[in-house]
Amino acid sequence: MRDSFLSFSPPAVTEAEIEAVVATLRSGWITTGPTTRRFEEEFAEYVGAPAALACNSWTAAAHAGLHAMGIGPGDEVIVPTLTFAATANIVEHVGARPVFVDVDDDTLNMSIDSVERAMTAQTRAIIPVHYAGHPVELDALEELAERRNVHILEDAAHAVAARFRGRLIGSGPSAAAFSFYATKNLTTGEGGMLVGEPDLLDRARRYSLHGMSRDAWSRYDKGGSWSYEVMEPGFKFNMSDIQAAMGRVQLERLAQLQVRREEIVALYDAGLAAIPGLRLPETRPHVSSANHLYVVRVQRTVFGMSRSQFIDELAKRNVGSSVHFVPVHRHPYYRDKYSLSPARFPVAEAAFEEIVSLPLSPAFADSDVQDVIDAIHDVAESTIR
Ligand SMILES: *Cc1c(COP(=O)(O)O)cnc(C)c1O
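So, a few notes on the structure that sits alongside this text. (Residues numbered from 1 in each chain as written. Predicted model: local features only at pLDDT ≥ 70, side-chain atom pairs only at ≥ 80, totals over all residues. Heavy atoms only, no water.)

1. Overview of the overall build of the protein chain
Reasoning step 1: Helices and strands together make up the secondary structure of the protein chain, namely 14 helices and 13 strands.
Reasoning step 2: Taking 2.2 N^0.38 as the reference for a compact globule, 385 residues should give roughly 21 Å; the C-alpha atoms of the protein chain span a radius of gyration of 21 Å, in line with that estimate.
Reasoning step 3: Along the three orthogonal principal directions, the C-alpha set of the protein chain runs to about 75 × 55 × 35 Å.
Reasoning step 4: If you take every contact in the protein chain between residues at least 6 apart in sequence, the share linking residues at least 24 apart comes to 73%.
Reasoning step 5: A total accessible area of about 16400 Å² is found for the protein chain, and carbon and sulfur atoms account for 52% of it. (Helix = DSSP H or I, 4+ residues; strand = E, 2+ residues; numbered from the N terminus. Rg over C-alpha atoms; globule rule 2.2 N^0.38 Å. Contact = heavy atoms within 4.5 Å. Areas by Shrake-Rupley, 256 points an atom, 1.4 Å probe, with all protein chains shown as cover.)

What follows is the structure, encoded as structure tokens:
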């Protein structure tokens, strides 16, 4: 057994990120400025998007995106229930109504059929989540959105570097929001990025900085002007150059970080293949997952214990894990406000009883991954009486 606790998702930070942050601190410009602009340009170029807006979280970036789409009171926005609460919270933030749909049993992504069934005359947008980094069926979703004239705002929090039929998530035609939270594939500690059409991004940019007609960089830079106008009561969503400095280094390292994730996933796939009652993640030939999470399903009756017991047993063996996610329809705010019954989400309900996210980080050595595999075999054997 491991003698130290393996945490679920430690960040992969090197001296290069540390030096970039220190250089920014020494530069005399620490809020949104030249480094953030460069990060936006480099990120847009990397994913193949026409424009990008750096924010201080996914939540901020996606909120600004929904606002820029003109979505507000009286509108409905379709979201999967198996996601982080932020996906639904932003819909509440703009005063619209989140409409929750069930997921597919294989990928745990939003089911396109249930999206179509949930559409009404009030539906203005769909927020697909690329769960665990596995892209949703974008062809079918985009066809549906176009036919019904609704927006798509992709929740790409898990999906930087993921591909659907060869195209990178974020390369359009929809807007997409990425998260750079500490556990995500590319991290700035806290941060997010909205990508999409330049007009949409211009509106989101203004909303992301007090509703002001120009930002600090264009006011205080040489040749800038002190004057500005407030066009609407915006928020304070901007990313700082300190975060962007880290992000630029992480973006440069992303390909290498993704290779390491793939290696770890291959070790899990091989090492866990033969365990009865342990269902491994779905792979599909036409998509390439970002491998953000490695979610296994503990099938209670076959495996011999519940998901929660499994997590406790792993912890006893010094292996951390997590659950993604408590379905949003179970949270008291949403359950009570919209009278949501679990019976409406049978697939997410069943999955929620089984899902466990195993430790996954490019910072792991092969021996860390082997420790997890050994711990799981040990747990599985302990259930055989
Ligand atoms: C992490 C996450 C978010 C929120 O990202 P923040 O940057 O923390 O705001 C949203 N959606 C999903 C699916 C996430 O995993």
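Next comes the rest of the description.
2. Some details on unusual backbone geometry
Reasoning step 1: For the peptide bond that leads from G172 to P173, omega is 5°, which places it in the cis range.
Reasoning step 2: Along the polypeptide, P173 turns up in the loop between β7 (167-168) and β8 (175-179).
Reasoning step 3: Cis geometry is found at the peptide bond from H324 to F325, where omega equals 10°.
Reasoning step 4: Within the secondary structure, F325 is located in the loop between α11 (307-316) and α12 (332-337).
Reasoning step 5: Phi at L108 is positive, roughly 65°, even though this residue is not glycine.
Reasoning step 6: Within the secondary structure, L108 sits in the loop between β3 (97-101) and α5 (112-118).

3. Looking at the packing of helix α1 (residues 15-27) against helix α9 (residues 241-271)
Two measures define how a pair of helices packs: the angle their axes make with one another and the distance between the axes.
Reasoning step 1: It is the contact of α1 with α9, at a shortest axis distance of 8 Å, that shows an interaxial angle of 150°. Of the possible angle classes, the one that applies to α1 and α9 is roughly antiparallel. In this structure, α1 meets α9 at a crossing whose hand is right-handed. On α9, the residues that touch A16, E17, A20, V21, T24 and L25 of α1 are D241, I242, A245, M246, V249, Q250 and R253.
Reasoning step 2: The class makeup of the residues in the contact of α1 with α9 is eight nonpolar, two polar and three charged. (Axes fitted to C-alpha atoms, helices over the stretch in contact; angles between N-to-C directions. Parallel < 35°, antiparallel > 145°, perpendicular 65-115°, else oblique. Left-handed = near helix turned anticlockwise from the far one by under 90°. Nonpolar A, V, L, I, M, F, W, Y, C, P; charged D, E, K, R; others polar.)

4. With respect to the site of the ligand
Reasoning step 1: Around the ligand, 14 residues are found, and the nearest of them are W58, T59, H158, S179 and K184.
Reasoning step 2: One nitrogen or oxygen atom from the side chain of D155 is found 2.9 Å from a nitrogen atom belonging to the ligand.
Reasoning step 3: When isolated, the ligand has an accessible area of 380 Å², and the protein chains bury 92% of it.
Reasoning step 4: For the shell around the ligand, a count of residues per class yields five nonpolar, seven polar and two charged. (Near = heavy atom within 4 Å. Polar contact = N/O pair within 3.5 Å; in protein donor to acceptor, adjacent residues only side chain to side chain.)

5. Thoughts on the sheet that holds strand β9 (residues 192-196)
Reasoning step 1: Taken together, seven strands build an open sheet; the order of strands is β1-β9-β8-β5-β4-β2-β3 and the sheet is mixed. Two strands in the sheet have a free side with no partner beyond their single neighbour: β1 (51-55) and β3. Recorded for the sheet is a direction-independent mean angle of 25° between the axes of neighbouring strands.
Reasoning step 2: Against the sheet, helix α2 (residues 34-47) contacts β1, β8 and β9, and its axis sits at roughly 130° relative to β1.
Reasoning step 3: Docked against the sheet, helix α4 (residues 86-93) engages β2 (76-80), β3 and β5 (151-155), running at close to 150° with respect to β3. (Pairing = 2+ DSSP bridges.)

6. Describing the packing of aromatic side chains
Reasoning step 1: One pass over the structure, following the stated rule, counts 13 aromatic pairs.
Reasoning step 2: When the centroid spacing of 5.1 Å and the interplanar angle of 75° are considered together, the rings of F43 and F178 count as edge-to-face. Here the residue F43 occupies a position in helix α2, and F178 occupies one in strand β8, the gap between them amounting to 135 residues. Each member of the pair F43 and F178 is classed as buried.
Reasoning step 3: Ring geometry for Y333 versus Y334: centroids 4.9 Å apart, planes at 85°, classification edge-to-face.
Reasoning step 4: Y333 sits in the partly exposed class, given a relative accessible area of 44%.
Reasoning step 5: Its end group placed over the ring of F352, R307 keeps NZ or CZ at 5.0 Å from the ring centre. (Phe/Tyr/Trp six-rings, centres within 6.5 Å; stacked < 30°, edge-to-face > 60°. Buried < 20%, exposed > 50% of the residue type's maximum accessible area, 1.4 Å probe, protein only. Lys NZ or Arg CZ within 6 Å of the ring centre and 35° of its normal.)

7. Some thoughts on a nonpolar patch on the surface
Reasoning step 1: A cluster of nonpolar residues, V13, I18 and V22, forms a patch on the protein surface that exposes about 200 Å² of accessible area.
Reasoning step 2: Among the secondary structure elements, V13 is positioned in the segment before α1.
Reasoning step 3: The class for V13 is partly exposed, based on a relative accessible area of 38%. (Patch = residues over 30% accessible without salt bridge, like charges linked within 9 Å, V, L, I, M, F, W, Y side chains within 5 Å. Salt bridge = Lys/Arg side-chain N within 4 Å of Asp/Glu carboxyl O.)

8. Details of empty space enclosed by the protein
Reasoning step 1: This model, assessed by the stated rule, comprises one cavity of 30 Å³ or more.
Reasoning step 2: The volume enclosed by the largest cavity comes to roughly 70 Å³.
Reasoning step 3: What lines the largest cavity is a set of 13 residues, among which P11, A12, K184, R261 and P362 lie closest to the centre.
Reasoning step 4: The residue inventory of the lining of the largest cavity, partitioned by class, reads six nonpolar, five polar and two charged. (1 Å grid on protein atoms, 1.4 Å probe; cavity = no way out; pocket = protein on both sides within 12 Å on 5 of 7 lines; lining within 4 Å. Points joined across faces, edges and corners; volume = space filled by probe spheres on them.)

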